[in-house]
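Each chain, written out:
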Amino acid sequence: MKGFTLIEVLVALVLFALGAAALAETLVVAQRQRVSSGRWLRAVELAEERLELVRAGERGTDGAPLGEFTRSWHAAAVAAGLERVDVTVTWEDRGPQSFALSALRRR
């Protein structure tokens, strides 16, 4: 007997469909993680940028949101001649997210 039976073809199609569905789900998850990683990277960049501005003497506030991000900072004296600078960046990514960066700075 030559060829495949109908049952064999159907089983092969089901297995192929399951593999394709798993691959599609993997691609969707990978894309979601790539976007999330990009947001985290942007949050780190924004925090570092504000910290460098404070180190350079810029003491203004970040009033307006920066795209989908909100950035705030606070400085407080911790010892004679030293202050602690805390920068926080917040955003939404499947729920509220935040990144905080702290550094000590000579006054």
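As a reminder, the structure under discussion sits directly above these lines.
Nothing here was measured: the structure is a model prediction, and the numbers come from that model.

Visitor: Looking at this structure, how should I read the overall build of the protein?
Guide: Secondary structure assignment for the protein yields 1 helix and 3 strands. Walking the protein from its N terminus toward its C terminus, one meets helices and strands in the order α-β-β-β. Against the compact-globule benchmark of 13 Å for 107 residues, the protein has a radius of gyration of 26 Å, which places it well outside the compact range. Taking the principal axes of its C-alpha atoms as reference, the protein extends roughly 90 × 25 × 20 Å. Within the protein, buried positions represent 19% of all 107 residues.

Visitor: How do you make sense of the side chain of Arg71 when you look at a structure like this?
Guide: Position of Arg71 among the secondary structure elements: in strand β1 (residues 70-79). Here Leu46 takes part through its backbone oxygen, which lies 2.8 Å from a polar atom of the side chain of Arg71. A polar contact of 2.7 Å, which involves the side chain of Arg71, links it to the side chain of Glu49. Setting aside anything within four residues of it in sequence, one finds Arg71 in contact with Leu46, Glu49, Arg50, Asp62, Leu66, Val87, Thr88 and Val89.

Visitor: Even after reading the chapter, I still don't get the sheet that holds β1, so can you show me in this structure?
Guide: Note: strands within a sheet are paired through backbone hydrogen bonds, in either parallel or antiparallel orientation. Strand order in the open sheet formed by 3 strands is β1-β2-β3, with antiparallel pairing between adjacent strands. The sheet is open, and its two edges are formed by β1 and β3 (96-106), each paired on a single side. The mean inter-strand angle of the sheet, taken between neighbouring strand axes irrespective of direction, is 20°. Bridging between β1 and strand β2 (residues 82-92) involves 9 bridges; their strand directions are antiparallel. When the sheet's bridge partners are listed, Ala77 is paired in β2 with Glu83.

Visitor: In this structure, what is going on with the nonpolar core? I would like to understand it.
Guide: Among soluble globular proteins, nonpolar side chains are generally buried collectively. Formed by 13 residues in total, the largest nonpolar core has its most connected members in Ala43, Phe69, Val85, Val87, Val89 and Trp91. Contributing elements (two or more residues each) for this core: α1 (6-55), β2 and β3. Beyond its immediate stretch of four places on either side in the chain, Trp91 contacts Arg39, Trp40, Ala43, Glu68, Phe69, Pro96, Gln97, Ser98 and Phe99.

Visitor: Looking at this structure, I do not really get the side chain of Ser36. What am I missing?
Guide: Within the fold, Ser36 resides in helix α1. The exposure class assigned to Ser36 is buried, which follows from its relative accessible area of 9%. Apart from the residues within four sequence positions on either side, Ser36 is in contact with Asp93 and Arg94.

Visitor: What exactly am I supposed to notice about the environment of Ala75 here?
Guide: Note that Ala75 resides in strand β1. Distance in space between the C-alpha atoms of Ala75 and Gln97 is 22 Å, their sequence separation being 22 residues. Those residues in contact with Ala75 that sit more than four places away from it in its chain are Arg59, Glu83, Arg84 and Val85.

Visitor: Please clarify how α1 should be interpreted in this entry.
Guide: If you check α1, its first and last C-alpha atoms are 73 Å apart, about what 50 residues at 1.5 Å a residue would give, namely 74 Å. Buried-residue contacts for α1 involve β1, β2 and β3. Looking one or two residues past α1, Gly57 carries a phi angle of roughly 105°, positive in sign.

Criteria and thresholds
Residues numbered from 1 in each chain as written. Predicted model: local features only at pLDDT ≥ 70, side-chain atom pairs only at ≥ 80, totals over all residues. Heavy atoms only, no water. Helix = DSSP H or I, 4+ residues; strand = E, 2+ residues; numbered from the N terminus. Rg over C-alpha atoms; globule rule 2.2 N^0.38 Å. Buried < 20%, exposed > 50% of the residue type's maximum accessible area, 1.4 Å probe, protein only. Polar contact = N/O pair within 3.5 Å; in protein donor to acceptor, adjacent residues only side chain to side chain. Contact = heavy atoms within 4.5 Å. Pairing = 2+ DSSP bridges. Axes fitted to C-alpha atoms, helices over the stretch in contact; angles between N-to-C directions. Core = buried A, V, L, I, M, F, W, Y, C linked by side-chain atoms within 4.5 Å. Expected span 1.5 Å × (residues − 1).

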